[in-house]
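# Structural overview for review
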Protein chains: 2
Amino acid sequence: MANIPHGIPEKTIERLSEYRRTLLASHKQGITHIFSHVLAGMHGITAVQVRRDLMLIGFSSDTKKGYDVKVLIEFIGRILDSEQPMNIAVLGMGHLGQAISKYFNGKNLKLRIVAAFDIDPEKVGSEINSIPIFHMEEFEQRVEALDISLVIVSLPSKVAPDLVVPIINAGIKGVLNFTSSPLSFPQGIVVENYDITTLLEKVAYFVKEGEEQ
Amino acid sequence: MANIPHGIPEKTIERLSEYRRTLLASHKQGITHIFSHVLAGMHGITAVQVRRDLMLIGFSSDTKKGYDVKVLIEFIGRILDSEQPMNIAVLGMGHLGQAISKYFNGKNLKLRIVAAFDIDPEKVGSEINSIPIFHMEEFEQRVEALDISLVIVSLPSKVAPDLVVPIINAGIKGVLNFTSSPLSFPQGIVVENYDITTLLEKVAYFVKEGEEQ
């Protein structure tokens with residue numbers, strides 16, 4: 001895929017994902033065109049930022065009617081999505097794992113949560129949100145059989161570090177970690193650590209900063 | 001608080017919050033000093049990055065034994081924490097709201113989830129994770145009575161936009177939004193939109209990028 005630009009900043013990737021979600025919702029409502037400042041307004045950012053992001057990915061078909069919603073959705077898809085769908089597993093099917101799987105499936109046709117792993121005997125062998133739950137002991141074997149390449153870590157923070165070796169051994173390529181234990185992996189495995197405490201402390205800090213200035 | 005530096009980058013704030021959590025865990029284990037490269041290793045970053053972040057906040061008491069863990073915890077606290085504790089409310093006590101409140105309370109003494117709001121008659125009037133659940137109708141009144149300044153939005157994405165006006169009217173200062181509806185607020189209200197779909201799409205993108213290069 002030689003025409004796809006590389007080295008797009010992380011924040012642009014995040015916004016492209018967000019634009020696409022807004023565009024999909026607009027498309028559903030029958031909206032065919034959208035101006036950059038309207039799209040910007042829906043995300044609380046400037047039109048310049050939107051135009052800059054789209055320029056970075058080589059999209060420039062701004063017309064007098066604004067962007068063609070359907071074309072832009074497809075264009076962003078070519079940047080973000082892999083050609084083959086990626087399968088995802090949720091590690092830890094407590095409240096957070098259940099919230100994520102319920103919320104996520106169906107949102108992106110190229111990314112699907114196909115399995116969950118837990119050690120709770122009441123959960124193992126059952127299905128929650130139509131996702132089968134397997135015992136953690138079967139992790140490597142199921143990852144291979146189900147062609148899973150991404151995992152979401154949503155189990156108790158204390159046990160999260162124990163997963164590093166199984167995740168490496170199973171050949172997982174990307175990890176989205178929601179526990180408060182930052183996980184490190186060798187190069188070649190993408191990891192994003194999203195601790196809710198950090199997010200809350202950040203919001204609180206900027207509230208405090210705003211009050212002091 | 002004239003000595004506290006302003007304009008610290010967002011990413012540094014995030015890392016300070018993460019360093020503090022690691023330092024607190026180390027302190028609990030009886031560790032009194034830590035080298036920058038050890039702290040860096042625990043977060044999968046370079047020692048240069050750690051030293052740069054701490055330099056930004058004016059912390060420079062690196063000794064031959066490394067950083068004094070207790071002193072550094074207190075120093076980061078002076079940057080991140082407000083002097084008065086901030087009270088938080090969770091809007092939507094489904095799986096995600098429950099996961100967050102169970103996980104978060106007790107993690108930071110200056111930030112406390114003191115109330116939750118929902119419209120489910122089975123939940124309203126009860127307590128989950130020791131947090132009382134009120135009806136959304138009582139939102140403004142309870143926010144004032146309980147001195148709540150931050151909210152976590154964890155209800156279905158469809159209804160999230162309906163909360164913007166009540167949040168503004170109630171005088172909320174900071175919003176952490178986990179729904180897929182990006183919320184915009186007037187200046188003076190800090191908002192962080194964290195859509196799980198975005199996080200997953202980002203990880204998937206960087207996995208794809210890694211494979212193509």
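Predicted, not measured: the structure shown is a model, and the values here were computed from it.

Residue and element names in this part refer to chain A. Inspection of every chain in the model, using the stated rule, returns eleven aromatic pairs over all chains. Between Phe 117 and Phe 134, the aromatic rings sit 5.8 Å apart at their centres with planes inclined by 45°, giving tilted as the arrangement. Linking Phe 117 in strand β4 (residues 111–118) with Phe 134 in strand β6 (residues 131–135), this pair joins segments that are 17 residues apart in sequence. Here Phe 117 and Phe 134 have matching classes, each one buried.

Residue and element names in this part refer to chain B. Looking at chain direction, strand β4 (residues 111–118) and strand β6 (residues 131–135) are connected through three bridges and run parallel. Within β6, the residue paired with Phe 117 across the bridge is Phe 134. The hairpin formed by strand β5 (residues 127–128) and β6 contains two residues between the paired strands, and Asn 129 there has a positive phi angle of roughly 55°.

On to the interface of chain B and chain A. Tallying the contact residues gives 66 residues for chain B and 67 residues for chain A. Interface of chain B and chain A: buried area, both sides summed, is about 6,100 Å²; carbon and sulfur atoms make up 66% of it. Among the residues of chain B in contact with chain A, Leu 200, Glu 201 and Lys 202 of chain B are the three that bury the most area, contributing 11% of the side total. Between Glu 201 of chain A and Arg 21 of chain B there is a salt bridge, and its shortest N-O distance comes to 4.0 Å. Along the contact surface separating chain B from chain A lie 26 residue pairs in polar contact (both at pLDDT 80 or more). Among the residues forming the side of chain B that touches chain A, the class breakdown is 31 nonpolar, 18 polar and 17 charged.

Superposing chain B onto chain A takes a rotation of 180° combined with a translation of 0.0 Å along the rotation axis, leaving an RMSD of 0.0 Å. In symmetry terms, the pair is related by a two-fold rotation axis. No C-alpha of chain B lies nearer the rotation axis than that of His 95 of chain B, which sits 2.4 Å from it. Comparing contact sets, 100% of the residues at the interface of chain B also lie at the interface in chain A, consistent with an isologous, same-surface contact.

Residue and element names in this part refer to chain B. Running from N to C, helix α1 (residues 10–28) and helix α4 (residues 69–80) point in directions that differ by 145°, and their axes come no closer than 9 Å. In terms of crossing hand, the pair formed by α1 and α4 is left-handed. Taken together, the residues of α4 that come into contact with α1 (itself represented by Ile 13, Leu 16, Ser 17, Tyr 19, Arg 20, Leu 23, Leu 24 and His 27) are Val 69, Lys 70, Leu 72, Ile 73, Ile 76, Gly 77, Ile 79 and Leu 80. Of the residues belonging to the contact of α1 with α4, the class tally is eleven nonpolar, three polar and two charged.

Quick look at the nonpolar core now. By size, the foremost hydrophobic cluster in this structure holds 54 residues, and its most contacted members are Ile 152 and Phe 178 of chain A together with Leu 150, Ile 152 and Phe 178 of chain B. The residues contacting Ile 152 of chain A, other than those within four sequence positions of it, are Ile 88, Ala 89, Val 90, Leu 91, Ile 100, Ile 113, Leu 176 and Phe 178 of chain A together with Leu 200 of chain B.

Next up on the list: the sheet that holds β6 of chain B. All names here are of chain B. Across the sheet, seven strands lie side by side as β5-β6-β4-β3-β7-β8-β9; this open sheet has mixed pairing. Only two strands of the sheet have a single neighbouring strand rather than two, namely β5 and β9 (190–193). Of the strand pairs in this sheet, strand β3 (residues 86–91) and β4 are connected by six bridges, and their pairing is parallel. If you follow Asn 87 over to β4, its bridge partner there is Arg 112.

In this fold, Ser 17 of chain A is placed in helix α1 (residues 10–28). Apart from the residues within four sequence positions on either side, Ser 17 of chain A is in contact with Leu 80 of chain A together with Thr 197, Thr 198 and Glu 201 of chain B.

All names here are of chain A. A cluster of nonpolar side chains, Phe 35, Val 38 and Met 42, forms an exposed patch at the surface whose accessible area comes to about 230 Å². Note that Met 42 resides in helix α2 (residues 36–43). Classification of Met 42 by relative accessible area gives partly exposed; the value is 33%.

Criteria and thresholds
- Residues numbered from 1 in each chain as written.
- Chains lettered and ligands numbered in written order.
- Predicted model: local features only at pLDDT ≥ 70, side-chain atom pairs only at ≥ 80, totals over all residues.
- Heavy atoms only, no water.
- Phe/Tyr/Trp six-rings, centres within 6.5 Å; stacked < 30°, edge-to-face > 60°.
- Helix = DSSP H or I, 4+ residues; strand = E, 2+ residues; numbered from the N terminus.
- Buried < 20%, exposed > 50% of the residue type's maximum accessible area, 1.4 Å probe, protein only.
- Pairing = 2+ DSSP bridges.
- Contact = heavy atoms within 4.5 Å.
- Buried area = accessible area lost by both parts, 1.4 Å probe.
- Salt bridge = Lys/Arg side-chain N within 4 Å of Asp/Glu carboxyl O.
- Polar contact = N/O pair within 3.5 Å; in protein donor to acceptor, adjacent residues only side chain to side chain.
- Nonpolar A, V, L, I, M, F, W, Y, C, P; charged D, E, K, R; others polar.
- Least-squares fit on C-alpha atoms with pLDDT ≥ 70 in both.
- Axes fitted to C-alpha atoms, helices over the stretch in contact; angles between N-to-C directions.
- Left-handed = near helix turned anticlockwise from the far one by under 90°.
- Core = buried A, V, L, I, M, F, W, Y, C linked by side-chain atoms within 4.5 Å.
- Patch = residues over 30% accessible without salt bridge, like charges linked within 9 Å, V, L, I, M, F, W, Y side chains within 5 Å.
- Areas by Shrake-Rupley, 256 points an atom, 1.4 Å probe, with all protein chains shown as cover.

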